[in-house]
Amino acid sequence: MNVQTSSKVTTVWLGDSPPSRCNAILAHCESPFLAVLWPDDVVLPGALEALVETAQANPASALVMGLALDVDDRGRASRYQTGKLWRACRQEPDPYAHLVTAPQRLGGLRLFRTAALRAMGGFDTSFGRRAIQQGCIDLAGRGEAILLRQVVSVRPPLRRRPRWRSVAKRLQRWLEGPVYVKAAALLAGVPLPPASTPRPHGRRIAYYTWHFPVLSQTFIHREISALRSAGLDLHILAEGAEDVDLADADARQLLDRVTYTEPWDRARLARYRRRFLGARPLFSIRLLAFIVGHRYHEFKSWQDDLRLFDKAMYVAGLLQERNFTHVHSPWADLSAFVALLAARLTGISYSVQARAHDVHRHSYLVALREKFESAEFVVTNTRYNVQHLRTMVPASVWPRVHLIYNGVNLEQFNPNRPPHTDPRFRILCVARLIEQKGLVCLLKAIRRLLDDGRTLQVDIVGAPEVDLYACYHVELKRLHRRLGLAEHVHWLGAMPFEAVLACYQRADLFVLPCVIARDGSRDITPNALIEAMAMGLPVVATTVTGLPEIVDADVNGLLVPPDDPAALADAIARLQASPEERHRLGANARRKVEARFDIHRNIQQYVALYAHE
């Protein structure tokens, strides 16, 4: 057993310790809260603080429990598996007891209120069952946490589930399992029903995406803003908002052009159901059969099919009410599938954009052929992607695939940076803390340079993606500590665009050592790399994917092999030693962005596509 104590929390790693030893710790515990973990648990930074804040905000709570992410042998976390386990626990005859008696079922981090734990008699193998049956605690869901609340009233013990209900539950699982799988296999050949409704005239475009705004998708904000400036009547449909507080100027100006589709207005959904099902029942049945027969994400069930059908009708109803004549999905992910279905329901045209993870990450490679074959046009952002898409679709679709490079508003980027007074060589990396950014390689390269006696400061701007890359985030922090980089490599977290511009101004060199991740994810045209070049910064990148289409080796930057710390360190050292070469590469980098990545020039290609649809 391992114990750590602070002013707020005493943390206990239980292992196989008997309850008596835990109670001995409880008897001497002076902290108001007691956190209990298992030896193989990995606690993410800020997790304990979040649980303490939740407990303090809910003074009646006896226990706060955070759901953990299951991690496979390759370090990947699956939200689907976590949700599946949670649903299974809720279906047990004696629900919730295992949250306290067998928390390893969920792998949750438990934070007890010390006084409440003592009042219940301390740790005991029957603690959870006894407490629930006596009505001493009650359960309430709160987002990502589970609260066991102490209540005053006493309720009778939970009754055992009737036998007929257990039989019904087994029957339901059987219907959801083999029956559904066979039905989906039988319907796999059902084609997408053609839109027989007359296509409206005019040009009124809806951009349908998952969330808007998103901090890491400033290129989409610029794209939409430029399209509107070019005269297109364009509106945004998004399922929800994200990063509103950190939104850039382009996104803030577009917020009044956004309609959020979730949470659903139930009365509106009922009206849309009557409209589409009543007017064209056979078409709707064929569309639902198409949904059942196609794998639009890695795991799906008949409940997912029905929800997707409702979502498509909801989006279609909004498109129809607002007189849109075209719907565009800026990603070839599930949003594109919904946009395609909504377009068929309303009879309007549809297009899609293929960028990065949506056509390369293994878990996203579903229904791509249907999304592309049904599109009026497909846009992608590199020659690398054009060749990749041609392996996915028949030759008849190739003429509809168009290459349009990402763009930046050059007016926002001033390459005339002030001279630096800081004697340290400042390296900047702007990247989400995910595997394909190659940050492990960067940390190892920096350690090599420091061992050679070089003076460096590295700023990394970006936030982790905890749900999918929790283990990678922990790996980075451990490597950072093991290599002794605390004084030299600083994690600045997520920043608004204006603050990132200030980081570009202070930097001497921009480094982004991208790699291809184990799940197939890869950066195709990293927006931050183009921004750094627009600022006149010399850059060091790798030779993967579309990066050689951005950086011309030894002309406007340096390219090194991926996942090669020695080569990366040599490239950084070369530029640190030569201010003249840094100046030459930076000036050429700005010219390259002006020639290929000017948003005002590139956006005219989009306007031409919409004009001919």
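Look a little higher up for the structure.
Residues numbered from 1 in each chain as written. Predicted model: local features only at pLDDT ≥ 70, side-chain atom pairs only at ≥ 80, totals over all residues. Heavy atoms only, no water.

### A short note on the overall build of the protein
Basically, it comes down to this: Going along the chain from the N terminus, every DSSP run of H or I of four or more residues is numbered as a helix, and every run of E of two or more is numbered as a strand. Type-normalised accessible area, obtained with a 1.4 Å probe on protein chains alone, sets the label of each residue: buried when under 20%, exposed when over 50%, and partly exposed for intermediate values. Contact criterion: two residues are considered in contact whenever any of their non-hydrogen atoms come within 4.5 Å of each other. Here the accessible surface of atoms and residues is derived via Shrake-Rupley with a 1.4 Å probe, and residues count as covered only by protein chains that are part of the display.
The secondary structure content of the protein amounts to 24 helices and 20 strands. Out of the 613 residues belonging to the protein, those deemed buried represent 52%. Of the contacts formed within the protein by residues at least 6 apart in sequence, a portion of 73% connects residues at least 24 apart. Only carbon and sulfur atoms are counted for the fraction: they give 53% of the accessible area of the protein, which is about 27600 Å².

### A few points about the nonpolar core
Definition in use: Side-chain atoms within 4.5 Å are what join buried Ala, Val, Leu, Ile, Met, Phe, Trp, Tyr and Cys residues into a set we call a nonpolar core.
Of all hydrophobic cores here, the largest spans 72 residues; its most connected members are Ile446, Tyr504, Phe510 and Leu529. Per-element tally for this core: the top contributor is helix H17 (residues 439–451), with nine residues.

### Description of the sheet that holds strand S19 (residues 539–542)
Short version of the rule: The pairing criterion for strands is at least two bridges between them, as found by DSSP. Lines fitted to the C-alpha atoms define the axes, with helices restricted to the stretch that makes contact. Angles between their N-to-C directions range from 0 to 180 degrees.
Pairing is parallel across the open sheet formed by six strands, whose spatial order is S17-S16-S15-S18-S19-S20. Only two strands of the sheet have a single partner each, and these edge strands are strand S17 (489–493) and strand S20 (558–560). Averaged over all adjacent pairs, the angle separating strand axes in this sheet is 25°, with direction ignored. Where S19 meets S20, three bridges bridge the pair, whose relative direction is parallel. Each residue of the ladder has a partner; that of Ala541, found in S20, is Leu559. H17 contacts strand S15 (425–430), strand S16 (456–461), S17 and strand S18 (509–512) of the sheet and is inclined by roughly 170° relative to S16. The sheet contacts of helix H22 (residues 565–576) involve S15, S16, S18, S19 and S20, and relative to S20 the element is tilted by about 160°.

### Focus: the packing of aromatic side chains
To keep it simple, the criterion reads: Two rings from Phe, Tyr or Trp (for Trp, the six-membered ring) form a pair when their centres are within 6.5 Å of each other. A pair whose planes differ by under 30 degrees is stacked, one over 60 is edge-to-face, and the rest are tilted. Charge-over-ring placement is defined geometrically: NZ (Lys) or CZ (Arg) within 6 Å of the ring centre, and within 35 degrees of the ring normal.
Tallied over the full model, the rule gives nine aromatic pairs. Taking the centre distance of 6.1 Å and the plane angle of 70° together, the rings of Phe219 and Trp331 count as edge-to-face. Within this pair, whereas Phe219 is found in helix H8 (residues 218–229), its partner Trp331 is found in the loop between strand S11 (326–329) and helix H13 (334–346), the two being separated by 112 residues in sequence. You can call Trp331 buried: its relative accessible area is 8%. By way of ring pairs, the aromatic residues Trp264, Tyr272 and Tyr314 are connected into one cluster. Here Arg280 stacks its cationic end above the ring of Phe283, 3.8 Å away from the centre of that ring. Over the face of the ring belonging to Trp331 we find Arg355, whose NZ or CZ atom lies 5.5 Å from the ring centre.

### Side note on the packing of helix H11 (residues 281–292) against H13
Convention followed: Roughly parallel means an angle under 35 degrees; roughly antiparallel, over 145; roughly perpendicular, 65 to 115; everything else is oblique. For any pair of crossing helices, the crossing counts as left-handed if the nearer helix is rotated counterclockwise from the farther one by less than a right angle, and right-handed if it is rotated clockwise. For this scheme, ten residues count as nonpolar: Ala, Val, Leu, Ile, Met, Phe, Trp, Tyr, Cys and Pro. Four count as charged, namely Asp, Glu, Lys and Arg, and the remainder, Gly too, count as polar.
Following both chains from N to C, one finds H11 and H13 inclined at 165°, their axes separated by 11 Å at the closest point. Of the possible angle classes, the one that applies to H11 and H13 is roughly antiparallel. As H11 runs across H13, the sense of the crossing is right-handed. On H13, the residues touching Phe283, Leu287, Phe290 and Ile291 of H11 are Phe337, Leu341, Arg344 and Leu345. Of the residues contributing to the contact of H11 with H13, the split by class is seven nonpolar, no polar and one charged.

### Describing empty space enclosed by the protein
The following threshold applies: Grid points spaced at 1 Å over the protein atoms alone were grouped into cavities, where a 1.4 Å probe fits but cannot get out, and pockets, open sets with protein on both sides within 12 Å along at least five of seven lines, with lining residues defined by an atom within 4 Å of a point. Grid points are joined across faces, edges and corners, and a volume is the space filled by probe spheres set on the points.
In the structure shown here, the tally under the stated rule is four cavities of 30 Å³ or more. Counted as a void, the second largest cavity has a volume near 60 Å³. Phe219, Glu223, Arg355, Ile404, Tyr405, Asn406, Gly407, Ile599, Asn602 and Tyr606 together form the lining of the second largest cavity. Contributions of two or more residues to the lining of the second largest cavity are made by H8 and helix H24 (599–611). Its residues assigned to classes, the lining of the second largest cavity shows five nonpolar, three polar and two charged.

### Structural notes on the environment of Asp564
As a reminder, the rule being used: Contacts described as polar in this section are N or O atom pairs within 3.5 Å, which, within protein, must combine one atom able to donate a hydrogen with one able to accept it, while residues neighboring in sequence count only if both atoms come from side chains.
Inspection of the secondary structure assignment puts Asp564 in the loop between S20 and H22. Side-chain polar atoms of Asp564 contact the backbone nitrogen of Ala567, separated by 3.1 Å.

### Considerations on the pattern of salt bridges
Test applied: Here a salt bridge means any side-chain nitrogen of Lys or Arg lying within 4 Å of a carboxyl oxygen belonging to Asp or Glu.
For the structure shown, the criterion picks out 24 salt bridges. In this structure, Asp459 engages Arg426 in a salt bridge whose closest nitrogen and oxygen atoms are separated by 3.3 Å. Here Asp459, found in strand S16, pairs with Arg426, found in strand S15; they are 33 residues apart in sequence, far enough to count as distant. Between Asp451 and Arg447 there is a salt bridge whose closest N-O contact spans 3.0 Å. Placement of the pair is Asp451 and Arg447 together in helix H17, with a separation of four residues, close to one helical turn. On the basis of relative accessible area, Arg447 is assigned to the partly exposed category, the value being 21%. Here the salt bridges share partners, and the residues they tie into one network are Glu239, Glu262, Arg307 and Lys311.

### Quick look at the pairing of S11
Going residue by residue along S11, you find His326 and His328 tucked away on one face and Val327 and Ser329 tucked away on the opposite face as well. Sheet topology note: the strand S8 (residues 204–211)/S11 ladder contains three bridges and is parallel. When the bridges of S11 are listed, Ala206 appears paired with Val327. Pairing geometry for S11 and strand S12 (residues 349–354), over four bridges, is parallel. Bridge pairing in S12 links Ser329 to Val352.

### Remarks on the sheet that holds strand S9 (residues 233–240)
Within the open sheet, the seven strands sit side by side as S10-S9-S8-S11-S12-S13-S14. Their pairing is parallel. Because the sheet does not close on itself, it has two edges, and the strands there are strand S10 (258–260) and strand S14 (401–403). Within this sheet the neighbouring strands show an average axis-to-axis angle of 25°, counted without direction.

### Some details on the pairing of strand S5 (residues 109–113)
For S5, the tally of buried residues reaches five of five residues, placing the bulk of the element in the interior. Here S5 shows no split at all, with Leu109, Leu111 and Arg113 on one side and Arg110 and Phe112 on the other all buried. Here strand S3 (residues 33–37) pairs with S5 via four bridges, running antiparallel. Bridge pairing in S5 links Ala35 to Leu111.

### Digging into H17
Applicable threshold: Here a helix's expected span is defined as the number of its residues, less one, multiplied by 1.5 Å.
In this model, H17 (13 residues) spans 18 Å end to end at C-alpha, consistent with the 18 Å of a helix rising 1.5 Å per residue. Positive backbone phi, at 90°, marks Gly453, one or two positions downstream of H17.

### Let's talk about the environment of Asp310
For Asp310, the location among the structural elements is in helix H12 (residues 302–321). The exposure class of Asp310 is buried, given its relative accessible area of 12%. When the C-alpha positions of Asp310 and Val338 are compared, they lie 10.0 Å apart, and in sequence the two are 28 residues distant. If sequence neighbours within four positions are ignored, Asp310 has contacts with Trp264, Leu269 and Arg273.

### Some details on unusual backbone geometry
Cis geometry marks the peptide bond from Phe212 to Pro213, where omega comes out at -5°. Positionally, Pro213 belongs in the loop between S8 and H8. The step from Glu262 to Pro263 runs through a cis peptide bond, and the omega angle for that step is 5°. By secondary structure assignment, the location of Pro263 is in the loop between S10 and helix H10 (266–279). With a phi close to 55°, Asp243 is a non-glycine residue in the positive phi region. Tracing the backbone shows Asp243 in the loop between S9 and helix H9 (249–254).

The values are spatial; any link to function lies outside them.
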